[in-house]
Amino acid sequence: MPTRKPPEEETVQADLLPVMNIMFLLIPALLLAMEFASMAQISVAVPRTVSEVTARPKDPSQPELGFKVAIGRDGFRTRSGGADAGPGTIPLNGGDYDYAALAAAARDLKQLFPTESTVTITAEGDVPMDVLVRTIDVLRGDSCKLGGWARGEQPGDGCLFWTPVIESVG
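Procedures and definitions
- Counting of residues starts from 1 at the beginning of each chain's written sequence and follows it residue by residue.
- Per-residue local features are limited, in this predicted model, to residues with pLDDT of at least 70; the limit for side-chain atom pairs, both in listing and counting, is 80 or more; totals at the level of whole chains, interfaces and linings are taken over all residues.
- Working from all heavy atoms in the structure, the side-chain values ignore hydrogens and water.
- Strands are runs of DSSP state E lasting at least 2 residues, helices are runs of H or I lasting at least 4, and numbering of each runs from the N terminus.
- A 1.4 Å probe rolled over the protein chains alone gives each residue an accessible area, and that area as a share of the maximum for its type sets the label: buried under 20%, exposed over 50%, partly exposed in between.
- Should any heavy atoms of two residues lie within 4.5 Å, those residues are considered in contact.
- Note that accessible areas follow from Shrake-Rupley with a 1.4 Å probe, and for residues the cover is restricted to the protein chains shown.
- Any Lys or Arg side-chain nitrogen located within 4 Å of an Asp or Glu carboxyl oxygen qualifies as a salt bridge.
- Two strands are said to pair when DSSP picks up at least two bridges between them.
- In this description, a disulfide is simply a cysteine sulfur pair whose atoms lie within 2.5 Å.
- In this scheme, a helix's expected span is set at 1.5 Å multiplied by one less than its residue total.
- Directions from the helix axis toward the C-beta atoms define the arc.
- pLDDT gives the predictor's per-residue confidence on a scale running from 0 to 100.
- By nonpolar core is meant a set of buried Ala, Val, Leu, Ile, Met, Phe, Trp, Tyr and Cys residues that side-chain atoms within 4.5 Å join together.

(A) Molecular detail of the overall build of the protein. Regarding its fold elements, the protein presents three helices and five strands. Reading the protein from its N end, one meets helices and strands in the order α-β-β-β-α-β-α-β. Burial analysis of the protein (170 residues in total) assigns 28% to the buried set. Across the protein, every contact between residues at least 6 apart in sequence was considered, and the portion connecting residues at least 24 apart equals 57%. Taken as a whole, the protein presents about 12,900 Å² of accessible surface, with 58% of it coming from carbon and sulfur.

Here it is in structure tokens:
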């Protein structure tokens, strides 16, 4: 009896050229899209611990500011050099934080201490993150652009306290 051969299966060759063409076009398109994507960051310094021996020498003619802002449920508290700075306490305005009064206090202090750029910010644990970020923006100066500062340029006149130090409470 003759044996029958099984029918041969046809091998289908996948045409990957169209898929490779699409991938080849997607790579430059994604790289080009990254040129237009804007990245934003807030430059924040970690709390410093420096001994008195290694600290920079103090200029006796220029007192140290030591500007601090505490964000609480009831508003802002500002301190400078161990004493209240500006209004001292800036209460909530209509249930919202009074950023305009904080900006005015920061501008007044900047006029008294034009070379100072550091502010220490603390916040209670239940303060929302957007309040902290908005406070940093207000203290930096809403018209402050620091793009040139990264290239070694001095910040503009719109910059107030553009070096925030965030401290934890307790």
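(B) Spatial organisation of the pattern of salt bridges. One pass over the structure, following the stated rule, counts six salt bridges. For Asp126, the salt bridge identified is with Arg73, shortest N-O distance 2.5 Å. On the criterion of sequence distance, the pair formed by Asp126 in the loop between strand 4 (118-123) and helix 3 (129-140) and Arg73 in the loop between strand 1 (67-72) and strand 2 (75-80) is long-range, its members being 53 residues apart. According to the relative accessible area criterion, Asp126 is partly exposed, its value standing at 44%. Here the residues in one salt-bridge network are Arg73, Asp74, Arg77, Glu124 and Asp126, joined through shared partners.

(C) Representation of the pairing of strand 1 within the structure. The buried count for strand 1 comes to five of six residues, which makes it a mostly enclosed element. Relative to strand 2, strand 1 runs antiparallel, the two sharing six bridges. If you follow Gly72 over to strand 2, its bridge partner there is Gly75. Sheet analysis places strand 1 next to strand 4, joined by four bridges and oriented parallel. Of the residues in strand 4, the one forming a bridge with Val69 is Ile121.

(D) Main features of the state of the cysteines. The tally for this structure, following the rule as stated, stands at one disulfide. The side chain of Cys144 participates in a disulfide bridge whose partner is Cys159; the two sulfur atoms lie 1.9 Å from each other. With the S-S bond torsion at 85 degrees, the cross-link from Cys144 to Cys159 turns out right-handed. Of this pair, Cys144 sits in the loop between helix 3 and strand 5 (163-167) while Cys159 sits in the loop between helix 3 and strand 5, and the two are 15 residues apart along the sequence. Owing to a relative accessible area of 5%, Cys159 belongs among the buried residues under this scheme.

(E) Highlighting helix 2 (residues 99-112). The first and last C-alpha atoms of helix 2 sit 20 Å apart over 14 residues, in line with the 20 Å expected at 1.5 Å per residue. Looking only at helix 2, the buried set comprises Tyr99, Leu102, Ala103, Ala105, Ala106, Leu109 and Lys110. The buried residues of helix 2 all sit within an arc of 160 degrees when viewed along its axis, so they share a single face. Pointing more than 90 degrees away from the buried face of helix 2 are the exposed residues Ala100, Gln111 and Leu112.

(F) Seen up close, the confidence of the model for the protein. Of all residues in the protein, 76% attain a pLDDT of 70 or more, and the chain-wide mean is 79. Confidence over residues 50-57 falls short of pLDDT 50; this stretch has two contacts with residues more than four positions distant or in other chains.

(G) Just the environment of Gly141, in detail. Along the chain, Gly141 falls in the loop between helix 3 and strand 5. The sequence separation of Gly141 and Asp157 amounts to 16 residues, and the corresponding C-alpha distance is 9.3 Å. The contacts of Gly141, once residues within four sequence positions are left out, are Gly158 and Leu160.

(H) Structural detail: the nonpolar core. By size, the foremost hydrophobic cluster in this structure holds 23 residues, and its most contacted members are Phe67, Ile71, Phe76, Leu139 and Phe161. The set of elements that each furnish at least two residues to this core consists of strand 1, helix 2, strand 4 and helix 3. Not counting residues within four places of it along the chain, the set of residues in contact with Ile71 comprises Phe76, Tyr97, Ile121, Thr122, Ala123, Glu124, Val127, Val131, Leu132 and Thr135.

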